[in-house]
Each structure stands twice: as structure tokens, then as C-alpha cells.
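Residue-level listing of the chains:
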Amino acid sequence: MTDFNTAHARLFPTQGLSLGLMTPVAAHGLADPHEARRIARLADDLGFAALWTRDVPLMVPQGPDATASALDDPFLWLGMLAAATERIVVGTAAIVLPLRQPLHVAKSALTLDRISGGRFVLGLGSGDRPEEFAAFGEDLQSRAATFRERWSLLRAALSSEPSERAPALQATGGYDVLPAPARRIPMLVVGTARQSLQWIAREAEGWATYHREETAQEGRIGLWQQAQRGGAPKPFVQSMLLDLQADPAAPAEPLPLGLKVGRDGLRDYLLRVHAQGVAHVMFNLVDNGRPMDEVLREIGEQILPDTLR
């Protein structure tokens, strides 16, 4: 088996819990590219492991306030962040695979991995917005099967192993998308993509899912570990909405998919979930009026050194 690119070791260190950021960070409307690059460099300097972004094909209003997310193309966005940084991983969480041609995804992934120096990780999901499936001419009800089919072709196109690349070459009449990469690009399933945990444990390099109450999350981690059936352990990644309070001792209050908490409670929480089996946490930061630089520095300087021990 070919070794992984540098992103894998950065995201999943042999010791400690790594932390990442969902980008754009606390943006309202279209994000300012200059500010995004500045924030990315700061996160890189502070030792954050990764910068993540979502794939939102259409601006479909959602939620109780019917707001629509305006996000740039994920591959172009991460290419910009990779060019502005030196060490930090860039990752998708997640590309909506049933709405994308897998060979196009392969081309973008191979390019981004190459121009970032191996700092790319590819997270993939199945999508859930009926309006998007209708607009792209895809069947919402068939997305689980479509995901598996396109995953297989994408995996083949990204492989460094000649035997694994055969299905992609058959699909293209013998033509490569790009030359085979020297090292494997990690592929994560984000959410369940309507697949069983056994399928995810067999096919993916790791599983990324959402924040849950600690007891419930511990149960999910246990199911993930059971699904691997004694094979080499694969990482569990958790996303988390975070409203970091200025008072370090502010007690934790639950939020939908996250917490409102001071840094002391956050540190304790992260150490607990790492002990349960979480390998990486990606923060989706809430704009609570605090300067974002202050929030990032507090996490990077006061919390991150303890989670990486």
C-alpha cells in the first residue's frame, strides 16, 4: 500500500488531538479573500492542523431564518488558502459526490494535492437538498448507490497503485486524468453518506461526523470502532459549532451541534472526547462580537498545546 500524503500525519498525529477550522471563518455573505488568507496564515502560525470548507452548490435558503449560504467553489477556495500557507492541511467537508462527475473531482483533487505539497484531504458526502438534486438532474432517492459508484471510480482515479487504477482507465479508454500521485490522498466520509459504518470503515481513511452530547458521541465512537472489526484503527473526526466566551471559566452550554463555553471548559471537553477516541476536531466558530484574532490566539496558545500532548 502506498504511503499517505503529508496531510494524513498532520491531521492524525500519533499522539494528541489536532484542531482545525471551518472556513470562511465567521463570514457573513461572500467572504473577503484578503481576510481569509490573513486568517489562514494566522491559523498556520498558531499550529492549527487544518482549514476545511463545505461544498454548497446552490444558495438554497435553509434553517428557521431561511438564510442561504454563499460559498465559493471549494477547490478554488482551498487552492487560495494553500497558496497563502506553508504547513496547514486544506480539506473538503464535504464534496457532494452525487452532484459531481467523479473524474472532474479527481482532476481537482490531484491538482490541489500537488500544488499544496501533499497537504490535501478529500472529504465526501451524499448531499441532502432536494432543490440541488433537481437542478443537477440527479435522483435524490438513488444518492446512496450513486455515492458508492462514484466513490469507486474516484478512488481508482486517485490511486497510486496500477492494479487499483484499472477501473478509471477502463472508464476513460485508457487515458489518465493526471499522472498517478506519489502518495495516497486521504478520503474521508463526512456524515454517513447513507452508507453503513462497515462500508465506511472498509472504504474510507476515516469518518467525520457531527457534534453530539458526550454520551451519545461515545456510543457512536464505539460503533465506529466495532465496524472496523479488528483492522488497523482509522480516525474519528468531529465537527463542532463553537461560541468561545471571553470569560475562561464560563460554563458549557449546549448549542445545536456544539457548545457555548469558556476556554477552561473547552480544554476539559476536548481532552475527554480525545480519550473517547476523537482524533481531530474541526471548529465552526460563532461570531459573538469578539475579535476573531483574539479567539484564534486563545485556542492556539492556551488550548492547542494541551490537546497535542
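See the structure above.
Residues numbered from 1 in each chain as written. Predicted model: local features only at pLDDT ≥ 70, side-chain atom pairs only at ≥ 80, totals over all residues. Heavy atoms only, no water.

Participant: Explanation requested: the layout of surface pockets in the structure shown.
Facilitator: It is a probe the size of a water molecule, rolled over the atoms, that shows where empty space is left. Computed from the structure, the largest pocket encloses a volume of approximately 1,800 Å³. Mapped by element, the contributors of at least two residues to the lining of the largest pocket are β3 (89-96), β6 (206-209), β7 (236-244) and β10 (278-285). Among the residues making up the lining of the largest pocket, the classes are represented as 25 nonpolar, 15 polar and nine charged. Taken as a whole, the second largest pocket encloses approximately 270 Å³ of empty space. Lining the second largest pocket are 18 residues, and of these K234, P235, F236, G277 and A279 lie nearest its centre. (1 Å grid on protein atoms, 1.4 Å probe; cavity = no way out; pocket = protein on both sides within 12 Å on 5 of 7 lines; lining within 4 Å. Points joined across faces, edges and corners; volume = space filled by probe spheres on them. Helix = DSSP H or I, 4+ residues; strand = E, 2+ residues; numbered from the N terminus. Nonpolar A, V, L, I, M, F, W, Y, C, P; charged D, E, K, R; others polar.)

Participant: Explain empty space enclosed by the protein to me, please; I cannot follow it from the model alone.
Facilitator: Applying the stated criterion to the full structure yields one cavity of 30 Å³ or more. Space inside the largest cavity adds up to approximately 40 Å³. What lines the largest cavity is L103, A157, R165, A168, L169, T172, Y175, D176 and V177. A per-element tally of the lining of the largest cavity places helix α7 (residues 162-171) first, with three residues.

Participant: Explain unusual backbone geometry here, please?
Facilitator: Trans is the prevailing form of peptide bonds, just as negative phi is the prevailing case for residues other than glycine. Omega for the peptide link from T23 to P24 comes to -5°, which places this bond in the cis form. Omega for the bond connecting A93 with A94 falls within 30 degrees of zero, at 15°, which places this linkage in the cis form. Tracing the chain through its elements places A94 in strand β3. With a phi angle near 55°, A193 is a residue other than glycine that sits in the positive phi range. Tracing the backbone through its elements, the reader meets A193 in the loop between β5 (187-190) and α8 (197-203). Despite not being glycine, R194 has its phi angle at roughly 60°, a positive value.

Participant: Would you take a moment to explain the packing of helix α6 (residues 143-158) against α7 for this structure?
Facilitator: When two helices pack together, their arrangement is given by the angle between the helix axes and the distance between those axes. Axis separation between α6 and α7 bottoms out at 7 Å; the angle between their running directions is 110°. Between α6 and α7, the crossing angle belongs to the class labelled roughly perpendicular. Residue-level inspection shows L153, A156, A157 and L158 of α6 in contact with α7, the latter providing E164, R165, P167, A168 and A171. Residues of the contact of α6 with α7, tallied by class, amount to seven nonpolar, no polar and two charged. (Axes fitted to C-alpha atoms, helices over the stretch in contact; angles between N-to-C directions. Parallel < 35°, antiparallel > 145°, perpendicular 65-115°, else oblique. Contact = heavy atoms within 4.5 Å.)

Participant: Explain the packing of aromatic side chains to me, please; I cannot follow it from the model alone.
Facilitator: The description of two aromatic rings rests on the distance between their centres and on the angle between their planes. Tallying each qualifying case throughout the model produces six aromatic pairs. Ring centres of F75 and F120 lie 6.3 Å apart, and the angle between their planes is 55°; this geometry places the pair in the tilted category. One end of the pair, F75, is in helix α3 (residues 74-84); the other, F120, is in strand β4 (residues 120-125), and 45 residues separate them in sequence. Here the two residues F75 and F120 agree in accessibility, since each one is buried. With a centroid separation of 5.5 Å and an interplanar angle of 85°, the aromatic rings of W207 and F236 are classed as edge-to-face. (Phe/Tyr/Trp six-rings, centres within 6.5 Å; stacked < 30°, edge-to-face > 60°. Buried < 20%, exposed > 50% of the residue type's maximum accessible area, 1.4 Å probe, protein only.)

Participant: How do you make sense of the environment of A201 when you look at a structure like this?
Facilitator: Relative to the helices and strands, A201 resides in helix α8. Separated by 142 residues in sequence, A201 and M59 place their C-alpha atoms 32 Å apart. Excluding its chain neighbours within four sequence positions, the residues that come into contact with A201 are W224, A227, Q228 and K234.

Participant: How should I be thinking about the pattern of salt bridges in this particular structure?
Facilitator: All chains considered together, the criterion is met by 21 salt bridges. Close ionic contact of R184 with E164 constitutes a salt bridge, the shortest N to O distance being 3.1 Å. Pair noted here: R184 is in the loop between α7 and β5 and E164 is in helix α7, with a separation of 20 residues, a long-range link. Given the relative accessible area of 6%, R184 is considered buried. Exposure remark for E164: the relative accessible area of 27% places this residue in the partly exposed category. (Salt bridge = Lys/Arg side-chain N within 4 Å of Asp/Glu carboxyl O.)

Participant: Where do I start with the pairing of β4 in this structure?
Facilitator: Sheet faces and side chains relate simply in a regular strand, where the side chains alternate between the two faces. Most of β4 is tucked away: six of the six residues are buried. Alternating positions in β4 separate into two faces, F120, L122 and L124 on one and V121, G123 and G125 on the other, with burial throughout. Pairing between β3 and β4: five bridges, direction parallel. Residue pairing across strands places I95 opposite L124, the latter belonging to β4. Note that β4 and β5 share three bridges and pair parallel. Residue pairing for β5: L124 is matched across the bridge by V189. (Pairing = 2+ DSSP bridges.)

Participant: For this particular structure, what's the right way to read the nonpolar core?
Facilitator: One recurring pattern in soluble globular proteins is that nonpolar side chains are buried together. Grouped together as the largest cluster of nonpolar side chains are 74 residues, with contacts concentrated most on L122, L266, F283, L285 and I299. No other element matches the seven residues that α6 contributes to this core. Membership of the second largest hydrophobic core comes to 17 residues, among which are A49, W52, V89 and A208. (Core = buried A, V, L, I, M, F, W, Y, C linked by side-chain atoms within 4.5 Å.)

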